Amino acid sequence: MPEITTPRDLFLHELGDILYVERVLAEETLPRLIGEVSDDEFRSGLETHLEETQQHVANVEKVFELLGEEPEPEKCIGFEGLKDEHDQLVEESSSSLLDVINTGAAARTENYEIAAYEGLRRMAKSMGEDEAVELLDENLKQEKDTLREVEKIATRLSNESAKQAASA
Ligand SMILES: [Fe+2]
Ligand SMILES: [Fe+2]
């Protein structure tokens, strides 16, 4: 018998998946990234997003409560894959490329989160869980704004590093 048989089961499973991602981002990934990057604008953007991410964790936990459930993280294999790939790329690359590589990792993560929240808010909407939709939309909007910021910084850093390589 499959464990996930109703739309509500599926919603809770996906909610646990994003809870796992948000907690790892807040506790490990973002603090580590903040320590790694050398560009000031990128670092301060990551610091802002760390604060937002702590709120994302709280919002996701609240959605569990709204549905009368305990917050239960579900190990997210997709996100673990993104992290492994990133770690391997960093190992293989020269340190002058680290900031550009990290903008790529940040953009991939934001896109993952955006897809997750789009799906979750759609499912919550169809179940008539309007308060949950509001909380999920708060997170979704900040992920979209963050992706736009990351892309802007990534463009500048790519241009700078290409110029540096050309003049070296
Ligand atoms: Fe988030
Ligand atoms: Fe994010």
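Everything here concerns the structure above.
In this report, we go over the structure that sits alongside the text. (Residues numbered from 1 in each chain as written. Chains lettered and ligands numbered in written order. Predicted model: local features only at pLDDT ≥ 70, side-chain atom pairs only at ≥ 80, totals over all residues. Heavy atoms only, no water.)

**Some points on the coordination of the iron ion (ligand 1)**
- Here the iron ion (ligand 1) is held by E22 (OE), E22 (OE), H56 (ND1), E113 (OE) and E143 (OE), and the distances to it run 2.0 to 2.4 Å.
- Positions of the donor residues of the iron ion (ligand 1), expressed as sequence spacing, correspond to E-x33-H-x56-E-x29-E. (Donors = N, O, S within 2.8 Å, 3.2 Å for Na, K, Ca; no water.)

**Details of the packing of helix 3 (residues 77–92) against helix 4 (residues 98–126)**
- Taken N-terminus to C-terminus, the directions of helix 3 and helix 4 make an angle of 170°; their axes are 11 Å apart at the nearest point. Relative to helix 4, the element helix 3 is oriented roughly antiparallel. Residues G78, F79, L82, E85, H86, L89 and V90 of helix 3 form the contact with helix 4, whose own contacting residues are L98, I101, N102, A105, R108, T109 and Y112.
- Taken together, the residues that form the contact of helix 3 with helix 4 break down as eight nonpolar, four polar and two charged. (Axes fitted to C-alpha atoms, helices over the stretch in contact; angles between N-to-C directions. Helix = DSSP H or I, 4+ residues; strand = E, 2+ residues; numbered from the N terminus. Parallel < 35°, antiparallel > 145°, perpendicular 65-115°, else oblique. Contact = heavy atoms within 4.5 Å. Nonpolar A, V, L, I, M, F, W, Y, C, P; charged D, E, K, R; others polar.)

**Some remarks on the coordination of the iron ion (ligand 2)**
- Every protein donor of the iron ion (ligand 2) is listed here as H49 (NE2), E110 (OE), E110 (OE), E113 (OE) and E143 (OE), and their distances to the metal cover 2.0 to 2.4 Å.
- Between consecutive donors of the iron ion (ligand 2), the numbers of intervening residues give the motif H-x60-E-x2-E-x29-E.
- The iron ion (ligand 1) is placed at 3.5 Å from the iron ion (ligand 2), the two being bridged by E113. Here the residue E110 and the residue E113 both occupy positions in helix 4, the gap between them amounting to three residues, near one helical turn. Both residues of the pair, E110 and E113, belong to the buried class. (Buried < 20%, exposed > 50% of the residue type's maximum accessible area, 1.4 Å probe, protein only.)

**So, the pattern of salt bridges**
- Under the counting rule described, the total for this entry stands at 15 salt bridges.
- A salt bridge links D39 to R156, with the shortest nitrogen-to-oxygen separation between them at 2.8 Å. Placement of D39 in the loop between helix 1 (7–36) and helix 2 (40–66) and of R156 in helix 5 (residues 130–167) is noted, with a sequence separation of 117 residues between them.
- Between D40 and R43 there is a salt bridge, and its shortest N-O distance comes to 3.1 Å. Within this pair, D40 and its partner R43 are both found in helix 2, separated by three residues, close to a single helical turn.
- Judged by its relative accessible area of 55%, D40 falls in the exposed class. (Salt bridge = Lys/Arg side-chain N within 4 Å of Asp/Glu carboxyl O.)

**Examining a negative patch on the surface**
- There is a patch of like negative charges on the surface, built from E3, E65, E70, E72 and E74.
- The residue E70 is located in the loop between helix 2 and helix 3 in this model.
- Overall, the relative accessible area of 65% leaves E70 in the exposed class. (Patch = residues over 30% accessible without salt bridge, like charges linked within 9 Å, V, L, I, M, F, W, Y side chains within 5 Å. Areas by Shrake-Rupley, 256 points an atom, 1.4 Å probe, with all protein chains shown as cover. Lys, Arg positive; Asp, Glu negative; His and termini not counted. Charge placed at Lys NZ, Arg CZ, Asp CG, Glu CD.)

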